[in-house]
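Structure at a glance
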Amino acid sequence: MSSASAVLKKFGPMVYLPTVMFSLGEGAVIPLIPVVASRMGADIALAALISSALVVGQLCGNLPAGWAVSRIGERFTMVIAGIVAIAAGVAMVFAGSPGVLAASVFVLGFCAAAFGLARHAFMTTRVPLVFRARALSLLGGSFRLGVFIGPFVAAGLLQLFGSESAAFWFFLACLVVMVLLVLFGPDPEKTVPVPAAVWQAEDSGEAVSGSIPTIERAGVLRTMWLQRAVLGRLGIAAASLSAVRSARQVLLPLWGISLGLDASTIALVVGVSGAIDFALFYASGQVMDRFGRLWAAMPAMVLMGGGFLALSFTHDGSSAVLWFGMLAAVLGVGNGLSSGILLTLGADVAPKSEPAAFLGSWRTLTDAGGAIAPLLISGVVAAASLPVAAAVMGVVGVAGAAGFLRWIPMFVPIAKKPGDDARG
């Protein structure tokens, strides 16, 4: 085992466990936000708007988070984000109006962006290229684990206590544990050294302090301008992947409703698709590290794009329900094979001198793709039909696959042979 792999394995709990805790609590409360909003008197449209405040908060939080990480480091950014998220969680528990709830959800999304970017920046600067995809796929899997288990925890708490507030208190407990782990646990930033190649490329002659190199900062906006070529090309392809991922979460339940299926059947189909997705998260990292990023990105996009296109032709057929279940599984496979791709590609193309500022722009772009997809689906369904919306998302997936085929070889560095890990 290489020295880098050994260090990451030794301190893996401190790297991944805070992510599991944050996502576990978040996964428990997200499904309940529209329920709580409805009980406060919000109609369906307003409840959906309040739920979307989480995504809006993430979009708004990425760029400030990039600025914060580049100045104060990953650890303190996560601690501050955790403390502010605790305050937002308390406000959600005691919210007396939809407006207060919406503001609290927005702040939670802002904090989620800061936490996610901080951990992404840490992995970008610490993990060697040859091991990066597996490490980041584990990071993505840590988040998926929490989101996958969280709703079941919330369901159990609802049965036990009969109130949605129990899930919110559970979320607060997870946040407290996360903050304590980050603040008082062994600091992986000080233990896991930055590879020498990073410093050789950007040595400023100054003493090193903090988790990000202490060199002259270009700033978030200037970094966006300097990196406009990769953001405008590979970044758009990455945004298309985020869009088809988001479309899967929206289209599958709507498709089941349009077929006249009951809630339990729809939940079973979506749950099986999610289980397949979760089961494959590490396979994506293995493929990317061993064969290259394109070998994971292309199959994922082709499967999801093709799955949506095929689904669009099955709605009115005699075996529509069977096709729905089969293609939901195909979409789950495609989504599982894409685990960690956005994190890995962002780390691959991030400038070594200013990774956090760039990652803020990268994550804003990819989150925007995920946020736009539900709006696009809603508009197409209103103007045409649900099958047409599925076909549109299939075209987006195929176009994204073409973008990856064109831009990954141009912008993404090639990993060294596994035997070179110790030198890289």
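On a predicted model such as this, the values are computed, not experimentally measured, just so you know.

Thresholds, definitions, all that
- Residues numbered from 1 in each chain as written.
- Predicted model: local features only at pLDDT ≥ 70, side-chain atom pairs only at ≥ 80, totals over all residues.
- Heavy atoms only, no water.
- Helix = DSSP H or I, 4+ residues; strand = E, 2+ residues; numbered from the N terminus.
- Buried < 20%, exposed > 50% of the residue type's maximum accessible area, 1.4 Å probe, protein only.
- Contact = heavy atoms within 4.5 Å.
- Core = buried A, V, L, I, M, F, W, Y, C linked by side-chain atoms within 4.5 Å.
- Patch = residues over 30% accessible without salt bridge, like charges linked within 9 Å, V, L, I, M, F, W, Y side chains within 5 Å.
- Areas by Shrake-Rupley, 256 points an atom, 1.4 Å probe, with all protein chains shown as cover.
- Salt bridge = Lys/Arg side-chain N within 4 Å of Asp/Glu carboxyl O.
- Polar contact = N/O pair within 3.5 Å; in protein donor to acceptor, adjacent residues only side chain to side chain.
- pLDDT = per-residue confidence, 0-100.
- Phe/Tyr/Trp six-rings, centres within 6.5 Å; stacked < 30°, edge-to-face > 60°.
- Lys NZ or Arg CZ within 6 Å of the ring centre and 35° of its normal.

Here we look at the overall build of the protein chain
Along the backbone of the protein chain there are 19 helices and 0 strands. Classification of the 424 residues of the protein chain by burial places 52% in the buried group. Long-range pairs, those at least 24 residues apart, make up 85% of the contacts in the protein chain between residues at least 6 apart in sequence.

Things to note about the nonpolar core
It is characteristic of soluble globular proteins that their nonpolar side chains tend to be buried jointly. Counting residues in hydrophobic clusters, the biggest one holds 91 residues, and the most contacted among them are Leu 234, Met 393 and Phe 404. For this core, the element with the most residues is helix 12 (residues 228–258), which contributes 12 residues. With residues near it in sequence (within four places) discarded, Leu 234 still touches Val 349, Trp 362, Phe 404, Trp 407, Ile 408, Phe 411 and Val 412. Counting residues in hydrophobic clusters, the runner-up holds 12 residues, among them Val 15, Phe 122, Met 123 and Val 130.

Considerations on the environment of Val 244
By secondary structure assignment, the location of Val 244 is in helix 12. Other than its neighbours up to four places away in sequence, Val 244 contacts Met 301, Met 304, Phe 308, Met 393, Val 396 and Gly 397.

Remarks on a nonpolar patch on the surface
On the surface, a nonpolar cluster with roughly 730 Å² of combined accessible area is contributed by Ile 72, Phe 76, Ile 80, Val 84, Val 176, Leu 180, Leu 183 and Phe 184. Elements with a contribution of two residues or more to the nonpolar patch: helix 5 (74–94) and helix 8 (165–184). For the nonpolar patch, the leading source of residues is helix 8, giving 4 residues. Positionally, Val 176 belongs in helix 8. What makes Val 176 partly exposed here is its relative accessible area of 38%.

Let's talk about the side chain of Ser 273
With respect to the helices and strands, Ser 273 occurs in helix 13 (residues 263–279). Given the relative accessible area of 1%, Ser 273 is considered buried. At 2.9 Å, the side chain of Ser 273 forms a polar contact with the backbone oxygen of Ala 328. Discounting residues that sit within four places of it in the chain, Ser 273 has contacts with Arg 248, Leu 252, Ala 328, Leu 331 and Gly 332.

Digging into the confidence of the model for the protein chain
On average, residues of the protein chain score 82 in pLDDT, and 85% of them reach the 70 mark or higher. Predicted confidence for residues 196–216 stays below pLDDT 50, and this span has 30 contacts to residues more than four positions away or in other chains. Here residues 417–424 is modelled with pLDDT under 50, and outside its nearest four sequence neighbours on either side it reaches 11 contacts, counting other chains as well.

Some details on the packing of aromatic side chains
Enumeration according to the criterion identifies 6 aromatic pairs in this entry. A centroid spacing of 4.8 Å and a plane angle of 5° characterise the contact between Phe 22 and Phe 115, whose relative ring orientation is stacked. Of this pair, Phe 22 sits in helix 2 (residues 12–29) while Phe 115 sits in helix 6 (residues 98–126), and the two are 93 residues apart along the sequence. You can call Phe 22 buried: its relative accessible area is 3%. With a relative accessible area of 5%, Phe 115 lands in the buried category. The aromatic ring of Phe 122 is capped on one face by Arg 119, whose charged end is 5.3 Å from the ring centroid.

Thoughts on the pattern of salt bridges
Applying the stated criterion across every chain, the model contains 7 salt bridges. Note that Glu 164 and Arg 39 form a salt bridge whose closest N and O atoms lie 3.1 Å from each other. With Glu 164 in the loop between helix 7 (129–161) and helix 8 and Arg 39 in helix 3 (residues 33–39), this pair connects stretches of sequence that are 125 residues apart. Residue classification places Glu 164 among the buried positions, given a relative accessible area of 11%. Across the pair Asp 289 and Arg 293 runs a salt bridge, and its minimum N-O distance is 3.4 Å. The burial state of Asp 289 is the same as that of Arg 293; both residues are buried. One network of salt bridges, in which partners are shared, links Arg 132, Arg 134, Asp 289, Arg 293 and Asp 348.

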